[in-house]
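# A look at the structure
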Amino acid sequence: MSDFPFLLVMIAVPAVGAAVVAALPKGRDLVARQVALGLSLVVLLLAVLATVAFDTGGDRFQLTTSFSWIPDFGTEFALGVDGIALVMLLLIGVLVPVVIGAAWRDEYPGRSTKAFFAWLLLLEAMMVGVFVATDVFLFYVFFEAMLVPMYFLIGSFGGPRRQYAAVKFFLYSLVGGLVMLAAVIGLYVVSNSELGEGTFAFDALREIEIDPGVQKLLFLGFFVAFAIKAPLVPFHTWLPDSGSEAPIGGAVLLVGVLDKVGTFGFLRYCLPLFPDASRFFAPFVLVLAVVGILYAALLAMGQSDMKRLVSYTSISHFGFIALGIFAFTTEAATGAVLYMVNHGIATGLLFLIVGMLIARGGSRLIGDYGGVAAKAPLLAGAFLVAGLASLALPGTNSFVSEFLVLIGSFPSQPVFTILATIGIILAALYILLMYQRTMHGPPRGVLLQEAPEHPLPAGGGATALATAPARPALRVLDLDRRELAVVTPLIALIIVFGVYPQPLLDLIEPAVAATMSDIGAGAAVEPGSGGTD
């Protein structure tokens, strides 16, 4: 079974499916939904089968597929996965069907519903490609290509300021990508001078001894692109706008998967290819990580817009991931990768629940809700689970990853680790305050108004509410069977991985250990030793 081209098929299935959905005749929206859901479940099945075929004690990169692409440039269409990439494929496989199920009844007046699902499938193909590419140039192509479907998801199906948010997202990411392109070209020139022929193959580039000064320049080229994508403060300002204006499905994939490309890039490319530069710039990155944890948490506490608040929480969480990566211990980096997966699950669920609440009330403002739990106990319960997972309560999946990051970082970076723990306290404040203000207390705001005839799309906003037909009825209806089917898998994963994360750790740890070996790092070290042996 390991000879089957799992990775190539996982890219091809949603890419071809996107073309099929886009070509459907007008008015076949139900067929578009069914095709999109069916193909996304095929990708999930392939991800599970790939995991079964993966040997944790085998080669670093497995399930490989490679064929010549641009021979004159030494470029191959080369695919492969290690444990880090594999868990991200599983995350994509879970989140995309969930997003499609959540958007099943959404309507976008004046816009094509089938186009929405076609862009989702194309985005899935690009996301898979960026995690499985083992050729640096191919990685760059997927890195840039995935901007296109997300741009249209935000710009065509988002909130009132969707065009501004889409352009800002695209420009930030494009600038970062262009800086990385310069570094990719530089890497090719270095390989040509060292090997006698240029190459973009990751394994070949990893073996090259690059001058420390050149390493620093190339590292910065990759780092800027990944820091924007992650995002790290001060490269973060596009995310609150994009997260708040994107349709809920797009927002889930944006913070759940796309942003992980940045932290994945740190591990896959920055550390192994530029080990000396990584150690040189590590203190700088750690400062940005801790500043991001605290600064974004404080900003989240001051938000009145629920979608914007959740976006800021993600920036804070990414600071923990960066801390774990640049602490240069296997334990901390393993926790960082696990955090990438668990954040996608927990924050994805939180965004979905927020979207369901907005769909019922037509407002993104926290102050427009109150007493929802009395009228929608299932929705409130799912909201509570998502919130507790986001603040890393013991017993939830995020706690394990956050604990590993902190305990693995403390021996080598005690000051940064202690400062980062303040973010845990702030997380409890902004999550619990949002939950208390919306779910408890006397009914207020939109709950005291008349309800629309049908629930609104999650991205509909107040404008859609104002134009909806009204009837005297209970404004907040509880979760229906479709919505329960959407949120139940994520709730189950939060609980299962909170109690037993070992299957994920078994996949992640060997790949992280290999990456730490590339830079001469490993187990936790004593303070002052710089994180390396």
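These lines cover the structure that appears in this document, whether it is placed above or below. Computed from a predicted structure; not experimentally measured.

Cut-offs and rules
- Residues numbered from 1 in each chain as written.
- Predicted model: local features only at pLDDT ≥ 70, side-chain atom pairs only at ≥ 80, totals over all residues.
- Heavy atoms only, no water.
- Helix = DSSP H or I, 4+ residues; strand = E, 2+ residues; numbered from the N terminus.
- Rg over C-alpha atoms; globule rule 2.2 N^0.38 Å.
- Buried < 20%, exposed > 50% of the residue type's maximum accessible area, 1.4 Å probe, protein only.
- Contact = heavy atoms within 4.5 Å.
- Areas by Shrake-Rupley, 256 points an atom, 1.4 Å probe, with all protein chains shown as cover.
- Salt bridge = Lys/Arg side-chain N within 4 Å of Asp/Glu carboxyl O.
- Expected span 1.5 Å × (residues − 1).
- Bend = angle between axes of the 7 residues up to and from the residue.
- Pairing = 2+ DSSP bridges.
- Phe/Tyr/Trp six-rings, centres within 6.5 Å; stacked < 30°, edge-to-face > 60°.
- Lys, Arg positive; Asp, Glu negative; His and termini not counted.
- Axes fitted to C-alpha atoms, helices over the stretch in contact; angles between N-to-C directions.
- Parallel < 35°, antiparallel > 145°, perpendicular 65-115°, else oblique.
- Left-handed = near helix turned anticlockwise from the far one by under 90°.
- Nonpolar A, V, L, I, M, F, W, Y, C, P; charged D, E, K, R; others polar.
- Core = buried A, V, L, I, M, F, W, Y, C linked by side-chain atoms within 4.5 Å.

We now examine the overall build of the protein. Check the secondary structure of the protein and you find 22 helices and 4 strands. Computed over C-alpha atoms, the radius of gyration of the protein comes to 22 Å, within 12% of the 24 Å expected from 2.2 N^0.38 for 533 residues, which places it in the range of a compact globule. Dimensions of the protein along its principal axes, counting C-alpha atoms only, are 75 × 55 × 40 Å. Sorting the 533 residues of the protein into buried and exposed places 60% on the buried side. For the protein, contacts bridging at least 24 residues in sequence account for 80% of all contacts bridging at least 6. On the protein, roughly 18400 Å² of surface is accessible, and the fraction owed to carbon and sulfur atoms is 67%.

So, on to the pattern of salt bridges. Per the stated rule, a full pass over the model turns up 15 salt bridges. Between D518 and R60 there is a salt bridge, and its shortest N-O distance comes to 2.9 Å. Taken together, the positions of D518 in helix α22 (residues 502-518) and R60 in the loop between α2 (29-53) and β1 (62-70) put the pair 458 residues apart, joining distant regions of the chain. A salt bridge links R161 to D241, with the shortest nitrogen-to-oxygen separation between them at 3.8 Å. Within this pair, whereas R161 is found in the loop between α6 (147-157) and α7 (162-195), its partner D241 is found in helix α10 (residues 238-245), the two being separated by 80 residues in sequence. Beyond isolated ion pairs, a larger network of salt bridges with shared partners links R60, D203, R206, E207 and D518.

Turning next to helix α15 (residues 330-361). End to end, α15 covers 46 Å across 32 residues, agreeing with the expected 46 Å (1.5 Å per residue, within 8%). At N342, α15 is deflected by roughly 25 degrees, the largest bend along its length. Counting buried positions along α15 gives 31 out of 32 residues, so the element sits mostly inside the fold. Where α15 terminates, the next one or two residues include G362, which has phi positive at roughly 75 degrees.

Attention now goes to the pairing of strand β2 (residues 75-81). In terms of burial, β2 is largely enclosed, as 6 of its 7 residues are buried. The loop that links β1 with its antiparallel partner β2 comprises 4 residues; one of these, G74, has a positive phi angle of about 65 degrees.

Below, the discussion takes up the pairing of β1. In the case of a regular strand, side chains alternate between the two sheet surfaces. Pairing geometry for β1 and β2, over 6 bridges, is antiparallel. Bridge pairing links S66 to A78 in β2.

Here we take up the packing of aromatic side chains. Counted by the stated rule, this structure contains 37 aromatic pairs. A centroid spacing of 5.5 Å and a plane angle of 45 degrees characterise the contact between F222 and F274, whose relative ring orientation is tilted. One end of the pair, F222, is in helix α9 (residues 212-229); the other, F274, is in the loop between α12 (260-273) and α13 (275-301), with 52 residues separating them in the sequence. Given a relative accessible area of 0%, F274 falls into the buried group.

It is worth spelling out the side chain of K114 at this point. Secondary-structure assignment places K114 in helix α4 (residues 113-132). Of the side chains bearing the opposite charge, D29 lies closest to the buried K114, which forms no salt bridge; the N-O distance is 7.0 Å.

Two numbers describe how α15 lies on α22: the axes approach to 9 Å, and their chain directions differ by 130 degrees. One element, α15, and the other, α22, form an angle in the oblique class. Here α15 and α22 pass one another in a crossing that is right-handed. On α22, the residues that touch T330, A333, T334, V337, L338 and V341 of α15 are L504, L505, I508, E509, V512, A513 and M516. Residue composition of the contact of α15 with α22, by class: 10 nonpolar, 2 polar and 1 charged.

On to the packing of α15 against helix α21 (residues 481-499). The interhelical angle for the contact between α15 and α21, taken along N-to-C directions, is 150 degrees, at an axis separation of 10 Å. Taken together, the axes of α15 and α21 lie roughly antiparallel to each other. Along this stretch, α15 crosses α21, giving a crossing that reads as left-handed. Residues N342, I345, A346, G348, L349, L352, I353, M356 and R360 of α15 touch α21, and the partners they reach there are E483, V486, V487, L490, I491, L493, I494 and F497. Classifying every residue of the contact of α15 with α21 by side-chain character gives 13 nonpolar, 2 polar and 2 charged.

Moving on: the nonpolar core. Ranked by internal contacts, the top residues of the largest apolar core, which has 191 residues, are L89, F139, F222 and F326. The leading source of residues in this core is α15, at 18 residues. Discounting residues that sit within four places of it in the chain, F326 has contacts with F219, F266, L271, S278, A282, V285 and L286.

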